[in-house]
Amino acid sequence: MHFIGIFANNIEFEDIKRHIINSSKRKDLKIININEKNIENMKNIVFETIVLTQKIKLNDIQKNILEKICDNCKYVIINSDICADIKIKANKLINCITYGLNQKSTITISSVQDEKAIVYIQRNINNIEGKKIEMGESSINIPKDKCLKIENILAIFSIFAVYSSQIN
């Protein structure tokens, strides 16, 4: 079982979780919402991946808990457009993946059309199976009936890249 902690508001979390569950063939992903209210309850859970989608306003105790959670992760996925001020300690075991609309993000959007987006991976990423995902572009479908934000599509794409799933 792969534990993925997503630091997001409830609406974004539910959108991301629903899309992952509906689109992924993997049934071994356990997706858990983390927020300012429940972070102290999460300190004993060992997450494999943490996804930071929003600006975080934590007190010192909560920041320490988040740092400890991230220290034990294999992957930290960060929305670099919003969470630019978050400092994650450099640990050789942690793969830090950034996503966003800025040019320095690991994963970004190069173009958006009606129902398709071109996602660009700007540096190689090692997935959970140890396989290298090489730089390059991928075309993904944007669900027309759902109102997913581009940032959430990038977060979902990042999770699918790490866990070797196809995004629909």
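Above this note sits the structure.
Position labels on residues start from 1 in each chain and follow its written sequence. At least 70 in pLDDT is required for a residue's local features to be given in this predicted model, at least 80 for side-chain atom pairs to be given and counted, and no such filter applies to totals for whole chains, interfaces and linings, which use all residues. Water and hydrogen atoms were dropped before computing side-chain values, which therefore reflect all heavy atoms in the structure.

Once that is clear, we can look at the side chain of histidine 2. Within the element layout of this structure, histidine 2 appears in strand E1 (residues 2-7). Any two residues whose heavy atoms approach within 4.5 Å are treated as being in contact. In this structure histidine 2 touches Arg26, Asp28, Leu29, Lys30, Glu48, Ile128 and Tyr163, once residues within four positions along its chain are discounted. Helix and strand assignments come from DSSP, with helices taken as H or I runs of at least 4 residues and strands as E runs of at least 2, each series counted from the N terminus.

Across its 14 residues, helix H1 (residues 10-23) extends 20 Å between first and last C-alpha, which sits within 8% of the 20 Å expected from 1.5 Å per residue. Taken together, the buried positions of H1 are occupied by Glu12, Phe13, Ile16, His19, Ile20 and Ser23. Across the axial projection of H1, the buried residues extend over an arc of 140°, all falling on one side. Away from the buried face of H1 by more than 90 degrees, exposed residues Asn10, Ile11 and Asn22 are located. On its buried side, H1 packs onto E1, strand E2 (29-34) and helix H3 (150-162). Residue asparagine 9 occupies the N-cap position of H1, its side-chain oxygen lying 3.2 Å from the main-chain nitrogen of isoleucine 11. An expected span of 1.5 Å times one less than the residue number is assigned to each helix. The buried label applies to any residue whose accessible area, calculated with a 1.4 Å probe on protein chains only, is under 20% of its type's maximum; exposed applies above 50%, and partly exposed to all values in between. The directions considered for the arc are those from the helix axis to the C-beta atoms. Here a polar contact means two N or O atoms within 3.5 Å. Within protein one must be a hydrogen donor candidate and the other an acceptor candidate, and residues neighboring in sequence count only if both atoms are side-chain atoms.

Attention now moves to helix H2 (residues 60-71). For H2, spanning 12 residues, the distance from its first C-alpha to its last is 16 Å, which sits close to the expected 16 Å at 1.5 Å a residue. Taken together, the buried positions of H2 are Gln62, Ile65, Leu66, Ile69 and Cys70. Looking down the long axis of H2, one finds its buried residues gathered within 135° of arc, a one-sided arrangement. Of the exposed residues in H2, the ones pointing more than 90 degrees away from its buried face are Asp60, Ile61 and Lys68. Against strand E3 (49-52) and strand E4 (75-79) lie the buried residues of H2.

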